[in-house]
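Overview (structure and organization)
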Amino acid sequence: METILIIISALLIIAGFIGSFLPVLPGTPVTYGGLLILQVAAQPFPTTFMIVWALIVVSIMILDNVIPAYGTKKFGGSAYGVWGSILGLVIGIFFFPPLGMIVGPLAGAFVGELIGGKTSDRAFRSALGSFAGLFVNMVMKVIASGVMGYYFVVNVF
């Protein structure tokens, strides 16, 4: 039974890391779920470790909603830019990987701002803000999921 739980835990860690790049899957909570299952199977972590990581995951989930909006607003953008950036990321990942992860959000935010009625100069500036927020957010989730993955590997192998 322990082996099955460790395998499920590993799959969640992998899915969570991938989810750190994709906005359709909550990466850090899924990765944390992998750690929780490993904890049930083998109890390699102290309680404090699990509580600290739970707080980190909750903080990242809150920042996940705040950072892209802040980046967009800071550069004069609107909700059109935020939604365009998210849509551009999804389209970019599926149709133009891996370059689509960079160009997609930028192009999506730009088009979104143009649809929202901004001039091309203002739309580009807003797109940069939206892209910067989305990029910072993604890097933060990748680092957190990567560190949790590291702890998984160290404690299983």
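One can find the structure itself at the top, above this paragraph.
Residues numbered from 1 in each chain as written. Predicted model: local features only at pLDDT ≥ 70, side-chain atom pairs only at ≥ 80, totals over all residues. Heavy atoms only, no water.

**Side note on the overall build of the protein**
Check the secondary structure of the protein and you find 6 helices and 0 strands. Ordered by position from N to C terminus, the α and β elements of the protein give α-α-α-α-α-α. Its C-alpha atoms give the protein principal-axis dimensions of roughly 60 × 30 × 20 Å. For the protein, buried positions account for 39% of its 157 residues. Long-range pairs, those at least 24 residues apart, make up 67% of the contacts in the protein between residues at least 6 apart in sequence. Roughly 8,700 Å² of accessible area belongs to the protein as shown, and the carbon and sulfur atoms make up 77% of that amount. Of note, the protein has its 6 positive side-chain charges centred 14 Å away from the centre of its 4 negative side-chain charges. (Helix = DSSP H or I, 4+ residues; strand = E, 2+ residues; numbered from the N terminus. Buried < 20%, exposed > 50% of the residue type's maximum accessible area, 1.4 Å probe, protein only. Contact = heavy atoms within 4.5 Å. Areas by Shrake-Rupley, 256 points an atom, 1.4 Å probe, with all protein chains shown as cover. Lys, Arg positive; Asp, Glu negative; His and termini not counted. Charge placed at Lys NZ, Arg CZ, Asp CG, Glu CD.)

**Looking at the packing of helix α2 (residues 27-42) against helix α6 (residues 120-156)**
Running from N to C, α2 and α6 cross one another at 15 degrees; their axes reach a closest spacing of 9 Å. It follows from the interaxial angle that α2 and α6 lie roughly parallel. Of the two elements, α2 crosses α6, and the hand of that crossing is left-handed. Here Gly 27, Thr 28, Thr 31, Tyr 32, Leu 35 and Leu 38 of α2 lie close against α6, whose contacting residues are Lys 141, Ala 144, Ser 145, Met 148, Gly 149, Phe 152 and Val 156. The residue makeup of the contact of α2 with α6, split by class, is 7 nonpolar, 5 polar and 1 charged. (Axes fitted to C-alpha atoms, helices over the stretch in contact; angles between N-to-C directions. Parallel < 35°, antiparallel > 145°, perpendicular 65-115°, else oblique. Left-handed = near helix turned anticlockwise from the far one by under 90°. Nonpolar A, V, L, I, M, F, W, Y, C, P; charged D, E, K, R; others polar.)

**Concerning a nonpolar patch on the surface**
Together, Phe 135, Val 139, Ile 143, Val 147, Tyr 150, Tyr 151 and Val 154 make up a nonpolar patch on the protein surface, roughly 600 Å² of accessible area in all. For Val 147, the position within the fold is in helix α6. (Patch = residues over 30% accessible without salt bridge, like charges linked within 9 Å, V, L, I, M, F, W, Y side chains within 5 Å. Salt bridge = Lys/Arg side-chain N within 4 Å of Asp/Glu carboxyl O.)

**Quick look at the side chain of Thr 28**
Relative to the helices and strands, Thr 28 is located in helix α2. A relative accessible area of 1% means that Thr 28 is categorised as buried. If we ignore the near neighbours within four places in the chain, the residues touching Thr 28 are Val 57, Ile 60, Lys 141, Ala 144, Ser 145 and Met 148.

**Examining the pattern of salt bridges**
Tallied over the entire structure, the rule returns 2 salt bridges. A salt bridge links Lys 141 to Asp 64, with the shortest nitrogen-to-oxygen separation between them at 3.5 Å. Note that Lys 141 is positioned in helix α6 and Asp 64 in helix α3 (residues 47-74), a separation of 77 residues in sequence. The residue Lys 118 makes a salt bridge to Glu 113 at a minimum N-O spacing of 3.7 Å.

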